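Residue-level structure breakdown
Listed below, chain by chain, are the residues.
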Amino acid sequence: MTRQERAVRTREALIEAAADLFDRDGQEVTSLAAVTAKAQVSAGALYFHFATKADLADAVARTALSRLRQITGAPATTPADTNGHATGNGSGSRSGSGSGNENEGGDGSRNGGGGGSGWGGDARTQAARDVRGERAAAPPARGPAPLAGGARGDRMGEVQQLIDTTHVLVRGLADDVVLRAGFALDRAGGQRPARERPVGEGPAGRVAGKGGTGGERPGRWPEVGGSLRGVWSGWVHETLAAAGTRGALAPGVSPGDAAAVVVAATVGFEVLGAQDPLWLAPHRLTRFWTLLLPALVPPPAREALQPDGSPAAH
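For every chain, the first residue of the written sequence is number 1, and numbering continues from 1 onward in sequence order. Two thresholds apply to this predicted model, a pLDDT of at least 70 for residue-level local features and 80 or more for giving and counting side-chain atom pairs, whereas whole-chain, interface and lining totals are computed over all residues. Side-chain descriptors were evaluated using all non-hydrogen atoms of the structure, hydrogens and water having been removed beforehand.

Looking at the nonpolar core
- Buried Ala, Val, Leu, Ile, Met, Phe, Trp, Tyr and Cys residues that are joined via side-chain atoms within 4.5 Å together make up what is termed a nonpolar core. Only protein chains enter the accessibility calculation, which uses a 1.4 Å probe; a residue is then buried when its area is under 20% of its type maximum, exposed when over 50%, and partly exposed in between. Counting 67 residues, the largest nonpolar core has V159, V236, W289 and L296 as its most contacted members.
- Only DSSP runs of H or I with at least four residues qualify as helices, and only runs of E with at least two residues qualify as strands; both kinds are numbered from the N terminus onward. A per-element tally of this core places helix α4 (residues 53-72) first, with nine residues.

As for the packing of helix α1 (residues 3-25) against helix α7 (residues 177-187)
- Working convention: axes come from line fits to C-alpha atoms, limited for helices to the stretch in contact. Angles between N-to-C directions cover 0 to 180 degrees. Contact geometry of α1 with α7 gives a least axis separation of 8 Å together with a crossing angle of 55 degrees. When the interaxial angle is binned, α1 and α7 end up oblique. Relative to α7, α1 is oriented so that their crossing is left-handed. Along its contact with α1, which presents E16, A19, D20, F22 and D23, the element α7 presents V177, V178, R180, A181 and L185.
- Ten residue types, Ala, Val, Leu, Ile, Met, Phe, Trp, Tyr, Cys and Pro, are classed as nonpolar, four, Asp, Glu, Lys and Arg, as charged, and the remainder, Gly among them, as polar. For the contact of α1 with α7, a count of residues per class yields six nonpolar, no polar and four charged. For classification purposes, an angle smaller than 35 degrees is called roughly parallel, one larger than 145 roughly antiparallel, one from 65 to 115 roughly perpendicular, and anything else oblique. Each helix crossing is assigned a hand: it is left-handed if the near helix lies turned anticlockwise from the far helix by less than a right angle, otherwise right-handed if that turn is clockwise. Any two residues whose heavy atoms approach within 4.5 Å are treated as being in contact.

Side note on the packing of aromatic side chains
- The pairing test for Phe, Tyr and Trp rings, Trp by its six-membered ring, is centres within 6.5 Å, and the orientation test on the planes gives stacked under 30 degrees, edge-to-face over 60, and tilted for anything in between. Applying the stated criterion to the full structure yields four aromatic pairs.
- Taking the centre distance of 6.2 Å and the plane angle of 45 degrees together, the rings of F269 and W279 count as tilted. On the criterion of sequence distance, the pair formed by F269 in helix α9 (residues 255-273) and W279 in the loop between α9 and α10 (282-296) is long-range, its members being ten residues apart.
- Classification of F269 as buried rests on a relative accessible area of 9%.
- Grouping aromatic residues by their ring pairs yields a cluster made of F269, W279, F288 and W289.

A short note on helix α8 (residues 228-245)
- To estimate the expected span of a helix, count its residues, drop one, and scale the result by 1.5 Å. For α8, spanning 18 residues, the distance from its first C-alpha to its last is 26 Å, which sits close to the expected 26 Å at 1.5 Å a residue.
- Burial runs high along α8: 16 of the 18 residues are buried.
- Positive backbone phi, approximately 75 degrees, marks G247, located one or two places after α8.

As C-alpha cells, this is what we get:
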C-alpha cells in the first residue's frame, strides 16, 4: 500500500468514525479524541487531515452530499469526490514533526490502517435492517449504489424514476451512517443554505409548460447545489417538472405542488427515521406512494407504476 493509499484510507476511516459518532451522540458533544479512538488512528493522523472538528464535520457533509448526488444523478457543482475532497478545502493538513504526520512515513494509524465503522456497521443501521428482516450486505465500493437505468423512454419514466429514487434514498438513510449524519448536519445548519429560484425552473433555466405550472403563482425552491436538502428538493422539482412537460401528470396537477408534497414527506421520513428506524422501512414509503399516485397520475398510466419500486431500485 502506497503512502497516498494509506492517507486516503485513514481519511475515509476518520469520516466514517465521525459520522457514526455524530449520528449517535451529536456533533456538539463528540470529541476528536473519541473520533481517533473509533477510527483507530493517532491524533497526529487526524490533524494531518483536519485542523478542527468543524473541518471534519464539513468533510462528513461533503461526503454525504456526494453520495446523495450518486443517488439522484445530480451534477457535482461543488468539486468534491466521493472521499469528500473538495477544491479550495485542501487536505486540512498540518505540517510539522508530530508523530502522526503522514508525510513523516505512514498513515498514523494505531494498528495499520484505520478501522472506521464501515458500511452500515453502526447500531442504528443494524436496527433498520432488523426492521426489514435483512442480513448485513457486503459493502459497496463507495457509499450507496446509484440508481440504475435513469429515466426511461416511456411517458411515465419520470414518475417511476422518482418513486425508485425515493426508495434508494430511504434505504441509504437506513444503511449509510455518513448519508444519515450529513442530513443531520444539514438539519442543524451545518451547511450554507442553497440559493433559490422560481418553481418549475430547472438548473438550465427550463420551465415546465404542462401539468399546471403555467397558471400557478411564482414560488421559490432551492437550487441544485449547496445543502443536501437543496440538492434533493431541486432534483425532485426538476423531475416532476419534466413529467409535467411530457404530460405524465394528471390534469390540473401542479408539478411544483406535487414536488412540495414529495420533498416534505421524504424529509419527514429522514427526520423521524433518525429517532425510529421503522420510519425508514420500505413499506412506509410504499404506502405513501400508494396514497399519492391516484392524485398524481391518470388512471390508465397509474396501473403500470410500481409504488414499491421497480427492479432498478432494488
